Amino acid sequence: MLRSLVGSEMCIRDRFQRHAGELLRFLTRQLKCSELAADLRQETWLRFQRRGADEVGNLRAFLYRIARNLVIDHQRQQQARPQEEGVSVELASELPGPEQIAGDVQQLDRLQGILEDLPAHLRQALLWNRLEGLTQKEIGQRLGVSESMAGRYIPVSYTHLRATRLLSISYA
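All figures in this text were calculated on a predicted structure; none of them were measured in a lab.

Visitor: What is the right way to look at the pattern of salt bridges in this model?
Guide: When the charged atoms of two side chains lie near each other, side chains of opposite charge can form a pair. Applying the stated rule across the entire model yields four salt bridges. A salt bridge links glutamate 43 to arginine 47; the shortest N-O distance between them is 3.1 Å. A residue pair is termed a helical-turn pair when its members lie 3 or 4 positions apart in one helix, as glutamate 43 and arginine 47 do in helix H2 (residues 34-51) at four residues. The exposure class of glutamate 43 is partly exposed, given its relative accessible area of 23%. Several salt bridges share partner residues, and in doing so they unite Glu43, Arg47 and Arg50 into one network.

Visitor: What's the story with the packing of aromatic side chains in this structure? I'm lost.
Guide: Remark: the centre distance and the inter-plane angle together describe each pair of aromatic rings, the angle taken between the planes. According to the stated counting rule, one finds five aromatic pairs in the structure shown. For the pair tryptophan 45 and phenylalanine 48, a centre-to-centre distance of 6.2 Å together with 45 degrees between the ring planes defines the contact as tilted. Taken as a pair, tryptophan 45 and phenylalanine 48 lie in helix H2 at a separation of three residues, close to a single helical turn. Given a relative accessible area of 10%, tryptophan 45 falls into the buried group. Exposure remark for phenylalanine 48: the relative accessible area of 0% places this residue in the buried category. Three or more aromatic residues joined by ring pairs make a cluster, and in this case those are Phe16, Trp45, Phe48 and Phe62.

Visitor: Would you explain the nonpolar core in this entry?
Guide: Side chains of a nonpolar character, in soluble globular proteins, are inclined to be buried together. Among the nonpolar cores identified, the biggest contains 20 residues, and Phe16, Leu23, Leu27, Leu40, Phe48 and Leu63 are the most heavily contacted of them. Taken together, the elements giving at least two residues each to this core come down to helix H1 (2-31), H2 and helix H3 (59-80). Of all the elements, H3 adds the most residues to this core, at eight residues. Ignoring sequence-local partners within four residues, the contact set of leucine 23 consists of Phe16, Thr44, Leu63, Tyr64 and Ala67.

Visitor: What am I meant to see in the confidence of the model for the protein here?
Guide: As a general rule, the predicted coordinates of low-pLDDT regions are not to be interpreted in detail. With 81% of its residues at a pLDDT of 70 or more, the protein shows a mean pLDDT of 82. Within the protein, the lowest mean pLDDT, 76, falls on H1, and the highest, 91, falls on helix H6 (residues 136-143).

Visitor: Help me understand the packing of helix H5 (residues 120-131) against H6 in this model?
Guide: Helix packing geometry: the angle between the two helix axes and the distance between the axes. It is at 10 Å that the axes of H5 and H6 come closest, and there the two elements cross at 140 degrees. By the angle class used here, H5 and H6 are oblique. For the crossing formed where H5 meets H6, the hand is right-handed. Between H5 and H6, the contacting residues are His121, Ala125, Trp128 and Asn129 on the first element and Ile139, Arg142 and Leu143 on the second. Across the contact of H5 with H6, the residue classes break down as four nonpolar, two polar and one charged.

Definitions and limits used
- Residues numbered from 1 in each chain as written.
- Predicted model: local features only at pLDDT ≥ 70, side-chain atom pairs only at ≥ 80, totals over all residues.
- Heavy atoms only, no water.
- Salt bridge = Lys/Arg side-chain N within 4 Å of Asp/Glu carboxyl O.
- Helix = DSSP H or I, 4+ residues; strand = E, 2+ residues; numbered from the N terminus.
- Buried < 20%, exposed > 50% of the residue type's maximum accessible area, 1.4 Å probe, protein only.
- Phe/Tyr/Trp six-rings, centres within 6.5 Å; stacked < 30°, edge-to-face > 60°.
- Core = buried A, V, L, I, M, F, W, Y, C linked by side-chain atoms within 4.5 Å.
- Contact = heavy atoms within 4.5 Å.
- pLDDT = per-residue confidence, 0-100.
- Axes fitted to C-alpha atoms, helices over the stretch in contact; angles between N-to-C directions.
- Parallel < 35°, antiparallel > 145°, perpendicular 65-115°, else oblique.
- Left-handed = near helix turned anticlockwise from the far one by under 90°.
- Nonpolar A, V, L, I, M, F, W, Y, C, P; charged D, E, K, R; others polar.

Next up, the structure:
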């Protein structure tokens, strides 16, 4: 008796396995998700197993009908769920945490102190160049110095910032 049950189970599994690969491809094409397709193929196997292979005439057509019904059921469930557009499910915030904010405030305070240590003309030349994007010629005109002199102010400012270890890049 046990042998006939085991043999019968092997026969059912073998019959299903002949179509399992093409069922998976079919489900993947329908759902455009290989993980979901694998889940529905497993559900197809379970439903086929419950029904019994003896009652089925055209096995391939029967398996495809089960799979197609599962796809339809899945699509109906997806349509019944409310769609929340524009709502992110992410739990992690993109905003900086309190430690980051405190560190940034300290860094800005340090930068402000270092900039205040610069002579006014060097500080102003650096700020105009970096924040407003002014050229050496425009900086020279505003400060009342030559273009070449204004061009020397910026590297001198960078040297001062590097010396205080606030800036780790070189001025090109």
